Amino acid sequence: MPNVPITVAHGDGIGPEIMSATLHILKEAGARLDIETIEIGEKVYLRGNPAGIDSASFESLRRTRVFLKAPITTPQGGGFKSLNVTTRKAFGLYANVRPCLSYHPFVETKHPRMDVVIVRENEEDLYAGIEHRQTADVMQCLKLITRPGTEKIVRYAFEYARAYGRKKVTCFTKDNIMKLTDGLFHEVFDTIGAEYPDLEKEHWIVDIGAAKLADTPEVFDVIVMPNLYGDILSDVAAQIAGSVGLAGSANIGDGCAMFEAIHGSAPRRAGQNLANPSGLFLGAIQMLIHIGQSDVAERAHNAWLRTIEEGVHTYDIHDPSSSKEKVGTREFAAAVVARLGKRPEVLREARYGNAPRRPLTDRPPYVRPSDPKALVGADVFIEFLGRPPELAARLQPLCADGLRLEMLSNRGMKVWPGGLEETFTVDVYRCRFQLPETNPGPLAHRAVTALLDRITASGLEFVKLEGLYTFGGKPGFSRGQGQ
Ligand code: NAD
């Protein structure tokens, strides 16, 4: 079988040591790789490149489409962009897959039966990075959840579960509060889940779900969630399984993928032959399966499991009661190589014979919903320092074209009509102008622009506009709290 070209970056801090150790094991296990090495991270940032990766390196990634990446150091101070976020977005790596498994009784853990895979959406949610300062007092960050983005990640989670013989897929959202954004994620989970009758499905509100995950992780199998919850909870899950130093991660896109450890460059441990290479190594195991070298993945992974079982441990997981030998990075890699061909006796053996023969990213073509859309009003965000009745009195005379001032809210809470004296307000009001329910619209766009002109002419400052639309007659906007 021909070699597979991959791009490798040795990174910063402990990166070069754990990468050498990982590549050494892969080579000895028989991985068929043609390696292109690129430089990323601290040196590139400090050369004045704010992205931390130059265009020649990007070209290598475009050629090989497989990236094995050691952790990097992001220099202190502003202006440097996260290389991880850039790579994920540039190559559409929408699925972040993090298996979090405990290795009881060989690695200390409170959760001996934990075996959870977190599938985190990687591109959307609050990580779209759309932030604005609206006024002296208010900062805003936009949470974006899209139907095609959610369909991709949810389908990936179900395909992953099926391909790896998992039994259950759980979804975490906060759709009791964010009914439209997290509501869409939950709805897509239910719709796509119905196509997988062989798998058990459940949904948890993220707060209680997270508590349950930290308390009894063994009741979960595969968990799919939006970006922010997934970012936080995948670290929690890795840590409670035993150590962040043991978890690897895959970032999967339609035509490209990146594999790494979940931890950072641990600069204080650099250059001392101390670091545990296991996180990067387990990321590399996912890479071998991805490029169709499941035989090598199985051989290397089983030798690693045997090494852990025989108590050959780096300092971070070393415990006098369960470890036999405390070793450095290089010695650990040598110990794994010495066990190639062996299998674990207590821990569950890795078997990748049935690992997917086709990319898990196959999916039916996206069908965009065709519900007729009608403009029925606008939420105009206005800077105002006074009390709500005062603002309402100034806005009501500006209504025309059938629009009515329906509500004022402040920080999402309805403060007019009605509203309490006690409610705290800041300097941005959301002012909802809407057609009455008896009028289904559509409202002409020029009615909204004319309204904005009248607001400006009256001496008020609008800082943002959001159209109110119905889709097939159903409102595409949430009500104010208390409305
Ligand atoms: P870190 O994960 O690098 O290290 C935290 C601590 O965990 C270390 O001090 C060490 O005690 C331990 N540790 C981590 N990995 C280990 C390993 N393989 N073996 C043994 N012990 C290990 O987190 P940090 O100190 O917050 O960040 C250091 C740098 O890494 C920062 O510049 C940060 O931006 C960067 N970082 C990079 C990535 C990445 O490239 N994917 C991810 C996270 C952090």
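Keep in mind it's a predicted model, so treat the numbers as computed, not measured.

Asker: Quick rundown of the overall build of the chain? Include the residues and the values.
Answerer: Helix and strand counts for the chain come out as 13 helices and 20 strands. Put simply, of all contacts in the chain between residues at least 6 apart along the chain, 77% involve residues at least 24 apart. Carbon and sulfur atoms make up 53% of the accessible area of the chain, which amounts to about 22,100 Å² in all. Taking the 57 positively charged and 59 negatively charged side chains of the chain as two groups, their mean positions are separated by 2 Å.

Asker: Lay out the domain arrangement of the chain in plain terms, naming residues and giving numbers.
Answerer: For an interface, size is often stated in terms of accessible area lost upon the parts coming together. Entries for the chain in the domain assignment read domain 1 (1–86 + 258–351) and domain 2 (373–475). For domain 1 and domain 2, the distance between their C-alpha centroids amounts to 54 Å.

Asker: Can you explain helix 9 (residues 278–290)? Please cite residues and give values.
Answerer: The end-to-end C-alpha separation of helix 9 is 18 Å, in line with the 18 Å expected for 13 residues at 1.5 Å each. Counting buried positions along helix 9 gives 12 out of 13 residues, so the element sits mostly inside the fold. G292 occupies a position one or two residues after helix 9 and carries a positive phi of about 85 degrees.

Asker: Requested: an account of the sheet that holds strand 19 (residues 461–471), with residues and values cited.
Answerer: With respect to topology, six strands assemble into an open sheet ordered 17-16-18-15-19-20, the strand pairing being antiparallel. Because the sheet does not close on itself, it has two edges, and the strands there are strand 17 (413–416) and strand 20 (474–475). The strands touched by helix 13 (residues 445–457) are strand 15 (373–383), strand 18 (428–434) and strand 19; relative to strand 15, the strand with the most contacts, the crossing angle is about 15 degrees.

Asker: Provide a residue-level description of the pairing of strand 3 (residues 66–69), including the pertinent values.
Answerer: Burial of the side chains of strand 3 extends over both faces: V66 and L68 are buried on one face and F67 and K69 on the other. The sheet contact formed by strand 1 (residues 4–9) and strand 3 spans three bridges and is parallel. Note that in strand 3 the partner of V8 across the bridge is L68. In this structure, strand 3 lies alongside strand 12 (residues 257–261), joined through three bridges in parallel fashion. Note that in strand 12 the partner of V66 across the bridge is A257.

Asker: Would you mind going over empty space enclosed by the protein in detail, with residue names and values included?
Answerer: Within this structure, the stated rule accounts for one cavity of 30 Å³ or more. Empty space within the largest cavity amounts to approximately 40 Å³. Surrounding the largest cavity, V85, R88, K89, R120, N122, Y127 and N227 form its lining. Looking at which element gives the most residues to the lining of the largest cavity, the answer is helix 4 (residues 83–90), with three residues. Among the residues making up the lining of the largest cavity, the classes are represented as two nonpolar, two polar and three charged.

Asker: Explain the side chain of D221 residue by residue, including any values.
Answerer: Within the secondary structure, D221 is located in the loop between helix 7 (206–215) and strand 10 (222–225). One polar contact links D221 to R166, side chain to side chain, over a distance of 2.9 Å. With near-sequence residues (within four places) excluded, D221 lies in contact with D115, V116, V117, R166, K167 and K168.

Asker: Could you give me a rundown of the pattern of salt bridges, with the residues and numbers involved?
Answerer: Pairing between side chains of opposite charge can happen when the charged atoms of each approach one another. One pass over the full model with this rule turns up 29 salt bridges. R62 is the partner of E59 in a salt bridge, and the nearest nitrogen-oxygen pair spans 3.3 Å. Of this pair, E59 and R62 both sit in helix 3 (residues 55–64), three residues apart, which is roughly one turn of the helix. By relative accessible area, E59 is classed as partly exposed at 38%. Salt-bridge contacts for D379 lead to R430; the nearest nitrogen and oxygen are separated by 3.4 Å. Taken together, the residues span a long stretch of sequence, with D379 in strand 15 and R430 in strand 18 at a distance of 51 residues. Across the pair, R430 and D379 agree in class, each one buried. Taken together, the salt bridges that share partners define one network made up of D115, R166, D221 and R348.

Rules and cut-offs
- Residues numbered from 1 in each chain as written.
- Predicted model: local features only at pLDDT ≥ 70, side-chain atom pairs only at ≥ 80, totals over all residues.
- Heavy atoms only, no water.
- Helix = DSSP H or I, 4+ residues; strand = E, 2+ residues; numbered from the N terminus.
- Contact = heavy atoms within 4.5 Å.
- Areas by Shrake-Rupley, 256 points an atom, 1.4 Å probe, with all protein chains shown as cover.
- Lys, Arg positive; Asp, Glu negative; His and termini not counted.
- Charge placed at Lys NZ, Arg CZ, Asp CG, Glu CD.
- Domains from an automatic or database assignment.
- Expected span 1.5 Å × (residues − 1).
- Buried < 20%, exposed > 50% of the residue type's maximum accessible area, 1.4 Å probe, protein only.
- Pairing = 2+ DSSP bridges.
- Axes fitted to C-alpha atoms, helices over the stretch in contact; angles between N-to-C directions.
- 1 Å grid on protein atoms, 1.4 Å probe; cavity = no way out; pocket = protein on both sides within 12 Å on 5 of 7 lines; lining within 4 Å.
- Points joined across faces, edges and corners; volume = space filled by probe spheres on them.
- Nonpolar A, V, L, I, M, F, W, Y, C, P; charged D, E, K, R; others polar.
- Polar contact = N/O pair within 3.5 Å; in protein donor to acceptor, adjacent residues only side chain to side chain.
- Salt bridge = Lys/Arg side-chain N within 4 Å of Asp/Glu carboxyl O.

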